[in-house]
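Notes for the structure review
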Amino acid sequence: VLGSWAQGTPTATQPDVMAAFSSRGPTGDWIKPDVTAPGIQVLAGMTPQPDETTPTNGPSGNLYQAIAGTSMSSPHAAGVSALIKAAHPSWTPEEIKSALMTSSVQAVVKEDGVTPATPFDMGAGSIRANLAVSPTLVFNETYADFVAAGSDPLHRIDLNLASIDATTMPGTITTKRTAINVSGKAQVLAISTQAPVGVDIIISTHQPGPNGPGNGVAKLSVGKNKSVSFWVTISAPTLASGQYFGRISLTPHAAGSNPVTIPVAFVRTQGGVTLSHTCAPTTFVMKTGAAHCVATVSNLSGVTANRSEERRVGK
């Protein structure tokens, strides 16, 4: 039996639409997924002897099928990772993963085809192989630090990842990141941030002091094959409780260098450690008067909270 059909005509469709069945994050204290990749109707190799008790495995006798799901998205990520490893044999797994993330694109929409996707839909963004093999910045982290984070939930936010997830943000929180310039040239990167109304994401090149980060900096400079450390402060003291998202973008001045993206998520909520105080009297005469105050700190979390003490006397 010989079958034939007419030549098809190409039809333009919208790319980078999240599948309705795609799992959403977060997972624990992390933004998940890290990235997204193609996973709908992908022509791929298939065993000619599938488990025929499950209809979704398709008919037997076929070496190729159009397949959808994580089983298609994951090989795309693995394949691009293999390309990165071939181009940069000395890179660690964390550097490779961060290359996928920092070079991703954000023109991704939810399954309705209109609403912009969030970091819990797409992670950092959609993989682009040509950008991932030549990123501008990557991030590295050690096995020991990952192990330590298992018993230190208060400081998991400080793992040197290419994303930031503050699962408890009482009003202001600061974390540090160190990026490696792998572009092959010195870089000056312009900083821009996206955040909801009432939220400030401030980048500083020195650890903020008691008075906070100030206005931060507008750019980062890093030499060829060098590292740059920066502090990220999320400030939203008047924001209502809830889940929020933001993004940090670093745009290189050097021609031919790829932009860098870092997704941000945080939950505006009171943490497990609370502070209350009482004073008597509540008013007093300047110079001659005095008030006595008692402060109570309560740790309602399941882990030990280390304290640092600072006393101030106002005039």
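Presented here is a report on the structure given in the accompanying data block. (Residues numbered from 1 in each chain as written. Predicted model: local features only at pLDDT ≥ 70, side-chain atom pairs only at ≥ 80, totals over all residues. Heavy atoms only, no water.)

A few points about the overall build of the protein
From N to C terminus, the protein includes 5 helices and 13 strands. For 315 residues, the compact-globule estimate of 2.2 N^0.38 gives 20 Å, and the protein exceeds it by more than 25% at 25 Å. In the protein, buried positions account for 35% of the 315 residues. Here the contacts in the protein between residues at least 6 apart in sequence split such that 69% fall between residues at least 24 apart. (Helix = DSSP H or I, 4+ residues; strand = E, 2+ residues; numbered from the N terminus. Rg over C-alpha atoms; globule rule 2.2 N^0.38 Å. Buried < 20%, exposed > 50% of the residue type's maximum accessible area, 1.4 Å probe, protein only. Contact = heavy atoms within 4.5 Å.)

Quick notes on a nonpolar patch on the surface
Together, Leu-43, Leu-63 and Tyr-64 make up a nonpolar patch on the protein surface, roughly 390 Å² of accessible area in all. The topology assignment puts Tyr-64 in strand 2 (residues 64-67). Overall, Tyr-64 belongs to the exposed group, its relative accessible area being 58%. (Patch = residues over 30% accessible without salt bridge, like charges linked within 9 Å, V, L, I, M, F, W, Y side chains within 5 Å. Areas by Shrake-Rupley, 256 points an atom, 1.4 Å probe, with all protein chains shown as cover. Salt bridge = Lys/Arg side-chain N within 4 Å of Asp/Glu carboxyl O.)

Looking at unusual backbone geometry
The omega torsion of the bond from Lys-32 to Pro-33 falls at 0°, within 30 degrees of zero and hence cis. Looking at the secondary structure, you find Pro-33 in the segment before strand 1 (42-45). Non-glycine residue Asn-225 carries a positive phi angle of around 60°. Position of Asn-225 relative to the elements: it lies in the loop between strand 8 (219-222) and strand 9 (227-235). Judged by relative accessible area, Asn-225 falls into the exposed class, the value being 54%.

A word on the sheet that holds strand 10 (residues 242-252)
The strand order across the open sheet formed by 5 strands is 4-11-10-6-8, and the pairing between neighbours is mixed. Only two strands of the sheet have a single neighbouring strand rather than two, namely strand 4 (164-169) and strand 8. Averaged over all neighbouring strand pairs, the angle between strand axes comes to 20°, with direction disregarded. Sheet analysis places strand 6 (residues 187-194) next to strand 8, joined by 4 bridges and oriented antiparallel. Among the inter-strand pairings, Val-188 is bridged to a residue of strand 8, identified as Ser-221. (Pairing = 2+ DSSP bridges. Axes fitted to C-alpha atoms, helices over the stretch in contact; angles between N-to-C directions.)

Quick notes on the packing of aromatic side chains
Summed over all chains, the structure comprises 2 aromatic pairs. Arranged with centres 5.5 Å apart and planes meeting at 20°, the rings of Tyr-244 and Phe-266 form a pair that is stacked. Note that Tyr-244 is positioned in strand 10 and Phe-266 in strand 11 (residues 260-268), a separation of 22 residues in sequence. We note that Tyr-244, like Phe-266, is buried. (Phe/Tyr/Trp six-rings, centres within 6.5 Å; stacked < 30°, edge-to-face > 60°.)

Looking at the sheet that holds strand 9
With antiparallel pairing, the 4 strands of this open sheet are ordered in space as 3-5-9-7. Lying at the two open borders of the sheet, with one neighbouring strand each, are strand 3 (137-139) and strand 7 (200-204). Between one strand axis and the next, the sheet turns through 35° on average, direction left out of account. Bridge analysis of strand 7 against strand 9 gives 5 bridges, and the strand direction is antiparallel. Across the sheet, Ile-203 pairs through a bridge with Val-232, a residue of strand 9. Helix 2 (residues 93-102) rests against strand 3 and strand 5 (172-181) of the sheet, and its axis sits at about 135° to strand 3.

Coordinates in, geometry out; function isn't part of it.
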